[in-house]
Amino acid sequence: MSDASGINLSWWITVVELPMLAALFWLIWHVRQESEEALDRLHHLSETALTQMRESLSAYKLEVAKTYVSVGYLKDIERRLTDHLLRIDAKLDGAALIQSERMGDRR
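Computed from a predicted model, the values in this text were never measured in an experiment. (Residues numbered from 1 in each chain as written. Predicted model: local features only at pLDDT ≥ 70, side-chain atom pairs only at ≥ 80, totals over all residues. Heavy atoms only, no water.)

For the rest of this paragraph, the subject is the overall build of the chain. Counting secondary structure elements, the chain contains 2 helices and 0 strands. Relative to its length of 107 residues, the chain is extended, with a C-alpha radius of gyration of 43 Å against a globular reference of 13 Å. Overall size of the chain, expressed as C-alpha extent along the three principal axes, is 135 × 40 × 15 Å. Put simply, the chain has 107 residues, and 0% of those count as buried. Accessible surface, the chain: about 10,200 Å² in total, of which carbon and sulfur atoms supply 65%. With 13 positive and 16 negative side-chain charges, the chain shows a separation of 20 Å between the mean positions of the two kinds. (Helix = DSSP H or I, 4+ residues; strand = E, 2+ residues; numbered from the N terminus. Rg over C-alpha atoms; globule rule 2.2 N^0.38 Å. Buried < 20%, exposed > 50% of the residue type's maximum accessible area, 1.4 Å probe, protein only. Areas by Shrake-Rupley, 256 points an atom, 1.4 Å probe, with all protein chains shown as cover. Lys, Arg positive; Asp, Glu negative; His and termini not counted. Charge placed at Lys NZ, Arg CZ, Asp CG, Glu CD.)

The next point concerns the UniProt feature "transmembrane region" (unreviewed entry) in the chain. The UniProt record marks residues 12-31 with the feature "transmembrane region" (unreviewed entry), using the residue numbering of this structure. Between the first and last C-alpha atoms of residues 12-31 the distance is 27 Å; the span itself is 100% helix and 0% strand. (UniProt positions renumbered as here; feature names shortened; annotations may be inferred.)

Applying the stated criterion to the full structure yields 4 salt bridges. When the shortest N-O distance is used, the salt bridge between Asp-76 and Arg-79 registers 2.6 Å. Taken as a pair, Asp-76 and Arg-79 lie in helix 2 (residues 71-106) at a separation of 3 residues, close to a single helical turn. Exposure remark for Arg-79: the relative accessible area of 44% places this residue in the partly exposed category. When the shortest N-O distance is used, the salt bridge between Asp-76 and Arg-80 registers 3.9 Å. Of the two residues, Asp-76 and Arg-80 are both situated in helix 2; the distance of 4 residues between them amounts to about one turn of the helix. Exposure remark for Asp-76: the relative accessible area of 26% places this residue in the partly exposed category. The partly exposed category is assigned to Arg-80, whose relative accessible area is 48%. When salt bridges that share partners are traced, they join Asp-76, Arg-79, Arg-80 and Asp-83 into one network. (Salt bridge = Lys/Arg side-chain N within 4 Å of Asp/Glu carboxyl O.)

If you want it as structure tokens, here you go:
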């Protein structure tokens, strides 16, 4: 009886278990390869989407910068700043003239 069960066990391992283990190993390897490829594709897609999103955000920021402040408003601000700087310059020139007159009186 043990001889017959030994042959049956040997036969079972050879015919059923080894091919099943080989198929299981191949299945695990194949699933791992597919998951790595899918992960690579997903990484590439996410990088592409992130790049496109950054470009869109940059374009939006540029458009906002162009349209938020009008050219006329900028020219008005520039004129007001220039006028103010000219007044400051005139005051400094006047102060320098007074200072030089005082220095001339001391000599």
